[in-house]
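Each chain, letter by letter, is given below.
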Amino acid sequence: MISRIVVTGGAIIRDDLGRILLQRRSDYGDWGLPGGGMEPGERIEETMIREVKEETGLDVISYELASIYTGERMKYTYPDGNEVVFVMFLFNVRVHLNGKLAEDERTLCFEDENNESLQLMFTSLDEIEIDTINKVQKPVLIDLIQEKQGILR
């Protein structure tokens, strides 16, 4: 039984080479985009900005709505058995990366106080291993790889 609908704000953050910032999350252990759940009274863009700061340490300079994902594909069962359906708002986001990357020029240097992010790495679309992506975010990454257009997905 589905217990609730969770509205999330997520960020598609690209570096100067067009690579996308992926986050390996501590709660799932798999990869996805930075983002998280809306809190009461927040606007969705405030959710995304807050979550980007909490999970990556980055300040959002500018953003635009990229896509909204809803429906059956957004159903998720947590390890504890709770079932939710996500309504996912994704934004194309610009941030300052000066001095924030490790020597490999891919890894974002940041340790969040809640340990939500195990690893933050810029990855080109053709390098993404879709099997390592969080189940509910797979459609998002597949669409990015295939360059699908359109707000509603």
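Shown above is the structure to which this text applies.
We now turn to the structure provided with this report. (Residues numbered from 1 in each chain as written. Predicted model: local features only at pLDDT ≥ 70, side-chain atom pairs only at ≥ 80, totals over all residues. Heavy atoms only, no water.)

Leu22, Leu33, Val140 and Leu141 are the most contacted members of the largest nonpolar core, which totals 22 residues. The set of elements that each furnish at least two residues to this core consists of strand 1 (2–13), strand 2 (20–25), strand 5 (60–69), strand 7 (83–95) and helix 2 (138–145). By residue number, the principal contributor to this core is strand 7, which donates five residues. Setting aside chain neighbours within four positions, we find Val140 in contact with Leu33, Tyr69, Met88 and Leu90. (Core = buried A, V, L, I, M, F, W, Y, C linked by side-chain atoms within 4.5 Å. Buried < 20%, exposed > 50% of the residue type's maximum accessible area, 1.4 Å probe, protein only. Helix = DSSP H or I, 4+ residues; strand = E, 2+ residues; numbered from the N terminus. Contact = heavy atoms within 4.5 Å.)

We now examine unusual backbone geometry. At Glu105, a residue that is not glycine, the phi angle is positive and equals roughly 60°. By the secondary structure assignment, Glu105 is in the loop between strand 7 and strand 8 (117–123). The class for Glu105 is partly exposed, based on a relative accessible area of 48%. The backbone of Glu147 shows a phi angle near 55°, a positive value even though the residue is not glycine. If you trace the backbone, Glu147 turns up in the segment after helix 2. Exposure remark for Glu147: the relative accessible area of 62% places this residue in the exposed category.

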